[in-house]
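Structure at a glance
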Amino acid sequence: MIEVDINNLKLLSKKERYTTVLKQVDALLENENNVIANLANVTSLLKSTFDYYLWVGFYLYDKDKNNLVLGPFQGSLACTRIEIGKGVCGTSFRDKETIIVDDVNNFPGHIFCDSKSKSEIVIPVLYDGKAIGVLDVDSAEYAFFDEIDKIYLEELVNKISNILS
Ligand code: SME
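Residues numbered from 1 in each chain as written. Predicted model: local features only at pLDDT ≥ 70, side-chain atom pairs only at ≥ 80, totals over all residues. Heavy atoms only, no water.

Overview of the overall build of the protein
We count it as follows: What counts as a helix is a DSSP run of H or I of at least four residues, what counts as a strand is a run of E of at least two, and both are numbered from the N terminus. For a compact globule the rule gives 2.2 Å times the number of residues to the power 0.38, and the radius of gyration it is set against comes from C-alpha atoms. The classification of residues rests on relative accessible area computed with a 1.4 Å probe and restricted to protein chains. Under 20% of the type maximum is buried, over 50% is exposed, and intermediate values are partly exposed. Any two residues whose heavy atoms approach within 4.5 Å at even a single point are treated as in contact. Positive charges are assigned to Lys and Arg, negative charges to Asp and Glu, while His and the chain termini are left out of the count. Just so you know, the charge point we use is NZ for Lys, CZ for Arg, CG for Asp and CD for Glu.
Secondary structure summary: the protein contains 5 helices and 6 strands in total. Listing the helices and strands of the protein from first to last along the sequence gives α-α-α-β-β-β-α-β-β-β-α. At 15 Å, the protein has a C-alpha radius of gyration in line with the 15 Å of a compact globule built from 165 residues. If you line up the protein on its principal axes, its C-alpha atoms span 40 × 35 × 25 Å. The burial tally for the protein puts 45% of its 165 residues in the buried class. Intrachain contacts of the protein at a sequence separation of at least 6 include 52% that bridge at least 24 residues. Averaged over its 17 positive side-chain charges, the protein has a centre that lies 3 Å from the centre of its 25 negative ones.

Spelled out as structure tokens, the structure:
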């Protein structure tokens with residue numbers, strides 16, 4: 001069973017925390033291939049490792065409705081559906097690019113799910129060149145996410161893209 005030791009975590013840098021999470025994700029995926037179980041555990045791992053994240057979760061492409069539907073997440077109640085091209089999530093999905101927003105008030109069309117959210121990073125989940133979902137992380141602080149978050153979260157999302165395909 002994978003456990004996150006919170007006391008030990010406080011001594012780790014952000015890079016070290018991500019490295020730990022990536023190893024744990026490998027272990028999770030090796031032992032289970034159920035999509036919901038794995039995505040749920042990935043969000044739990046991220047939220048417990050980065051206890052200062054406000055919200056972390058997946059939005060997955062719903063081909064019948066041609067929009068994004070809320071998937072496993074950790075945090076408070078969130079919007080259930082997001083149109084392609086709308087908000088940070090819909091824009092990242094449409095453009096197949098990671099978006100870092102330092103101040104959500106300055107992102108045109110940003111969708112507020114939680115008024116405490118001040119900055120955000122959204123990483124598209126790509127499979128075979130196609131976007132199939134996004135991973136969204138929110139912070140209660142401005143300009144919270146940087147290149148380190150981008151690099152490691154893209155690596156994490158790469159690891160899970162084939163279980164989502
Ligand atoms: N802020 C996102 C919506 C999702 S919530 O933050 C959980 C957006 O603008 O797409």
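With respect to the packing of aromatic side chains
Inclusion rule: Stacked, tilted and edge-to-face pairs are distinguished by plane angle, under 30 degrees for stacked and over 60 for edge-to-face with tilted covering the rest, among Phe, Tyr and Trp rings (Trp via its six-membered ring) whose centres lie within 6.5 Å.
Applying the stated criterion across every chain, the model contains 11 aromatic pairs. The interplanar angle of 85 degrees and the centroid separation of 6.3 Å between the aromatic rings of Y52 and Y53 together place this pair among those described as edge-to-face. For Y52, a relative accessible area of 35% puts it in the partly exposed group. Given the relative accessible area of 2%, Y53 is considered buried. Residues F144 and F145 carry aromatic rings whose centres are separated by 5.3 Å and whose planes lie at 85 degrees to one another, so their mutual orientation is edge-to-face. Pair check on accessibility: F144 and F145 agree, each one buried. These aromatic residues form a ring-pair network of at least three members: Y18, F50, Y52, Y53, F144, F145 and Y152.

Side note on helix α5 (residues 147-164)
Residues that lie three or four places apart on an α-helix share one face, since the helix turns once every 3.6 residues. As a reminder of what qualifies: To estimate how far a helix should reach, multiply one less than its number of residues by 1.5 Å. Bend is the name given here to the angle between axes fitted to two runs of seven residues, the run ending at a residue and the run starting at it. Two N or O atoms form a polar contact when they lie within 3.5 Å of each other; inside protein one atom must be a possible hydrogen donor and the other a possible acceptor, and for residues adjacent in sequence the pair counts only when both atoms belong to side chains.
The end-to-end C-alpha distance of α5, which contains 18 residues, comes to 25 Å, matching closely the 26 Å that a straight helix rising 1.5 Å per residue would cover. Its maximal kink placed at N158, α5 deviates by approximately 25 degrees. All of the buried residues along α5 are D149, Y152, L153, L156, V157, I160, S161, I163 and L164. The elements touched by buried residues of α5 are α2 (14-31), α3 (35-49), β1 (55-62), β5 (119-127) and β6 (130-139). The opening residue of α5, the one whose side-chain oxygen lies 3.0 Å from the backbone nitrogen of I148, is D146.

Description of the pattern of salt bridges
Just so we agree on the cut-off: A pairing counts as a salt bridge when a side-chain nitrogen of Lys or Arg comes within 4 Å of a carboxyl oxygen of Asp or Glu.
In total, this model carries 8 salt bridges according to the counting rule given. One salt bridge in this structure joins D149 and K14, with 2.6 Å as the shortest N-O distance. Of this pair, D149 sits in helix α5 while K14 is found in helix α2, placing the two residues 135 residues apart along the sequence. In this structure D149 comes out as buried when scored by relative accessible area, which is 1%. Here D51 makes a salt bridge to R17, at a shortest N to O gap of 3.5 Å. Of this pair, D51 sits in the loop between α3 and β1 while R17 is found in helix α2, placing the two residues 34 residues apart along the sequence. Overall, the relative accessible area of 8% leaves R17 in the buried class.

So, the pairing of β5
Selection rule: Two strands pair under a simple rule: DSSP has to find at least two bridges between them.
Counting buried positions along β5 gives 7 out of 9 residues, so the element sits mostly inside the fold. Two elements, strand β4 (residues 99-101) and β5, share 3 bridges in a ladder whose sense is antiparallel. When the bridges of β5 are listed, V101 appears paired with E120. Inspection of the sheet shows β5 paired to β6 by 9 bridges, in the antiparallel sense. Residue pairing in the sheet places I121 in a bridge with V137 of β6. Where β5 folds back on β6, the antiparallel hairpin that results is connected by 2 residues, among which D128 adopts a positive phi of roughly 55 degrees.

Let's talk about the state of the cysteines
Any covalent bond linking the sulfur atoms of two cysteines counts as a disulfide. Rule in force here: Note that a disulfide, as used here, is simply two cysteine sulfur atoms within 2.5 Å.
Tallied over the entire structure, the rule returns 1 disulfide. There is a disulfide in this structure between C79 and C113, and the S-S distance comes to 2.3 Å. Looking down the S-S bond of the C79 and C113 bridge, the torsion is -105 degrees, so its handedness is left-handed. Taken together, the residues C79 in the loop between β2 (67-74) and β3 (81-83) and C113 in the loop between β4 and β5 connect sequence positions 34 residues apart.

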